[in-house]
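Residues per chain, in single letters:
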Amino acid sequence: MTVPHSTHEVRNQVPPLAGYDVAEDAALLEAAEREEAGWAADGLHTLGRLAGSAATSEQARLANEHLPVLRSHDRWGNRIDEVEFHPAWHALMGTAVGHGLHAAPWADQRPGAHVARAAKFYVWAQAEAGHGCPLSMTYAAIPALRHAPALAGRFEPLLAARSYDPRLRPLTCFLLPRVLPGGDRNGLRIARLKDKLGNRSNASAEVELDAALAWQVGEAGRGVATIIEMVSATRLDCVVGSAAGMRLATVAAVHHASHRQTFGKDLIAHPLMSCVLADLTLESQAATALALRLAGAADRAGRGDTAEGALLRVALPAAKYWVCKRAPAHAAEALECLGGNGYVEESGMPRLYREAPLNSIWEGSGNVTALDVLRALARTPGCADALLAELDLAAGGDQRLDAALAGLRQQLAGLETATSPEAQHRARRLAGLVAVTLQAALLVRHMPGPVADAFCGSRLGSTAPGGPAAPFGALPDGLEMAAIVERARVSAPG
């Protein structure tokens, strides 16, 4: 009797990246502790286990495969302008709201409350990024809302509530409600839902207002000034979200390379792959450290620390420019580490890759944020001094960093006006230099020696072989690659 030939024996495949704690992230936990949010560690791990679970991964898949649908009219022809989401979307939102990602810090007076929320946002964004948008906008709306105390007193308790209700209810939006006080629908018409590159689980709409009721927030004619705090908060979430994407991409790449074999040994054991993975890890670690440092500055600025506020004014747009700009290249390189598997939807990498450009566009694209750095330095008293004071904390820790700091100090001294064509032409270079120097300073002060050494050696100086203009994987010789890559390894089954 002939034994049938087996055609479905699958070998040399990587186990699913599931069943792990996303908050098992030394860079995150160390930064949260430094920025006065060490008390949130237990909550981070609880959320981290949810974010890394197979059930949440399935919710994320469903929310992205079953896209939001516009229901402009009901079955009788009445205009309703509702968006229908898959139940998986609501499940993700329910977890996020239950853990306070939308507004909890505004009702929490503990130092580090905003850092704790940023850390949770970083963890949960690795589960699914699309639903982060309404969470971020709710979080950022409250400072603007407080310009109208009567409205804040009415709506803020509802915005900060930890129970998620997906139904169409009165008091839904703080400024322009969907439902009028008498129960009728407001004059908000949804023209269409946008067909986007990524962020597809989230519904982005083009709307029309037809005799709609809205309440004034802030002074008449001062709309930009009123909403600027909201922009700052959402920009912070852009940085945190991009750092989260980098972390997820790095973890996925290291996980794959640790289980996939080529030429008789694990892929991660090949020197060139190890170099690429180490470089991806460096970028991720630096983004995480900077994101949490900015969250700490925002937390302290909100409690009246003017120096932290001045630092935030220049460092946040610089980080928004640089970290969010680096995310797409990082995602592409991490995807390539999985080879053809990374190009397949089931790997999760294509969704991550499509998501990566969003934060660079949202709340001020590259040119806008680079010019904002320029304006902050040239026009806002104390910004340059606060930036240099922060960087000076790392002085003497690394000669390459000292040289970079001296160069930056020289550029700032020569900055006369933000409006000159020469200054605007160099705005992107200046924003990138501010961000990378801040990252290097944080790593020198707080990270293990191999991480700080590799970052300074590859990112600082015009001759750095793996500098910001180089592809990932061009690190200098003599680095402790294994110690760096270990920072991106998680304890996943299999």
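Predicted, not measured: the structure shown is a model, and the values here were computed from it. (Residues numbered from 1 in each chain as written. Predicted model: local features only at pLDDT ≥ 70, side-chain atom pairs only at ≥ 80, totals over all residues. Heavy atoms only, no water.)

*Asks:* It is not clear to me how helix 2 (residues 41–51) should be interpreted in this structure. Could you clarify?
*Replies:* Since the α-helix packs 3.6 residues into each turn, any two residues three or four apart lie on the same face. Along helix 2, the residues classified as buried are Leu44, Leu47, Gly48 and Ala51. Looking straight down helix 2, one finds that the buried residues subtend no more than 110 degrees of arc, so they occupy a single side. The inward-facing, buried residues of helix 2 contact helix 1 (26–34), helix 3 (54–65), helix 4 (87–98) and helix 5 (113–125). (Buried < 20%, exposed > 50% of the residue type's maximum accessible area, 1.4 Å probe, protein only. Helix = DSSP H or I, 4+ residues; strand = E, 2+ residues; numbered from the N terminus. Arc of directions from axis to C-beta. Contact = heavy atoms within 4.5 Å.)

*Asks:* Please explain empty space enclosed by the protein as it appears in this structure.
*Replies:* A probe as big as a water molecule, rolled over the atoms, marks out the empty space that is left. Scanning all chains against the criterion turns up one cavity of 30 Å³ or more. Only helix 9 (271–302) and helix 10 (306–337) provide two or more residues apiece to the lining of the largest cavity. Element by element, the count of residues in the lining of the largest cavity is highest for helix 9, at three residues. A per-class count over the lining of the largest cavity returns five nonpolar, no polar and two charged. (1 Å grid on protein atoms, 1.4 Å probe; cavity = no way out; pocket = protein on both sides within 12 Å on 5 of 7 lines; lining within 4 Å. Points joined across faces, edges and corners; volume = space filled by probe spheres on them. Nonpolar A, V, L, I, M, F, W, Y, C, P; charged D, E, K, R; others polar.)

*Asks:* Explanation requested: the packing of aromatic side chains in the structure shown.
*Replies:* Within a pair of aromatic rings, the relevant descriptors are the distance that separates the centres and the angle that separates the planes. Inspection of the entire model under this criterion finds four aromatic pairs. Measuring from centroid to centroid gives 4.5 Å for Phe85 and Trp89, while their planes differ by 15 degrees, and the two rings are stacked. For Phe85, a relative accessible area of 21% puts it in the partly exposed group. Taking the relative accessible area as the measure of exposure, Trp89 reaches 4% and is therefore buried. Here the basic side chain of Arg110 rests over the ring of Trp39, its NZ or CZ set 3.7 Å away from the ring centre. A cation over a ring is seen here: Arg117 above Tyr139, with NZ or CZ 3.8 Å from the ring centre. (Phe/Tyr/Trp six-rings, centres within 6.5 Å; stacked < 30°, edge-to-face > 60°. Lys NZ or Arg CZ within 6 Å of the ring centre and 35° of its normal.)

*Asks:* Is there a simple way to think about the packing of helix 15 (residues 399–413) against helix 17 (residues 427–446) in this case?
*Replies:* The description of two helices packed together rests on the angle between their axes and the distance between the axes. One way to put it is that helix 15 packs onto helix 17 with a least axis distance of 10 Å and a crossing angle of 145 degrees. Handedness of the helix 15/helix 17 crossing: left-handed. Seen from helix 15, the contacting residues are Leu401, Ala404, Leu408, Gln411 and Leu412; seen from helix 17, they are Leu430, Leu433, Val434, Thr437, Ala440, Ala441 and Val444. Each residue belonging to the contact of helix 15 with helix 17 can be placed in one class, and the counts come to ten nonpolar, two polar and no charged. (Axes fitted to C-alpha atoms, helices over the stretch in contact; angles between N-to-C directions. Left-handed = near helix turned anticlockwise from the far one by under 90°.)

*Asks:* In this structure, what is going on with the side chain of Arg117? I would like to understand it.
*Replies:* With respect to the helices and strands, Arg117 occurs in helix 5. Separated by 2.5 Å, the side chains of Arg117 and Asp237 make a polar contact. Those residues in contact with Arg117, other than ones at most four positions away along the chain, are Gly100, Leu101, Pro105, Leu135, Ser136, Tyr139 and Asp237. (Polar contact = N/O pair within 3.5 Å; in protein donor to acceptor, adjacent residues only side chain to side chain.)

*Asks:* Hey, could you run me through the pattern of salt bridges in this one?
*Replies:* Pairing of side chains with opposite charge becomes possible as their charged atoms draw close. Here the structure, examined in full by the defined rule, presents 33 salt bridges. Between Arg117 and Asp237 there is a salt bridge; the shortest N-O distance is 2.5 Å. One end of the pair, Arg117, is in helix 5; the other, Asp237, is in helix 8 (residues 223–259), with 120 residues separating them in the sequence. We classify Arg117 as buried; its relative accessible area is 3%. Judged by relative accessible area, Asp237 falls into the buried class, the value being 3%. One salt bridge in this structure joins Glu308 and Arg293, with 2.9 Å as the shortest N-O distance. Note that Glu308 is positioned in helix 10 and Arg293 in helix 9, a separation of 15 residues in sequence. (Salt bridge = Lys/Arg side-chain N within 4 Å of Asp/Glu carboxyl O.)

*Asks:* Sorry if this is basic, but what is going on with the nonpolar core here?
*Replies:* One recurring pattern in soluble globular proteins is that nonpolar side chains are buried together. Within the largest apolar cluster, 127 residues are counted, with the highest numbers of intra-cluster contacts made by Val123, Leu277 and Leu387. The contacts of Val123, once residues within four sequence positions are left out, are Val22, Ala23, Leu28, Leu44, Leu47, Gly48 and Ala51. (Core = buried A, V, L, I, M, F, W, Y, C linked by side-chain atoms within 4.5 Å.)

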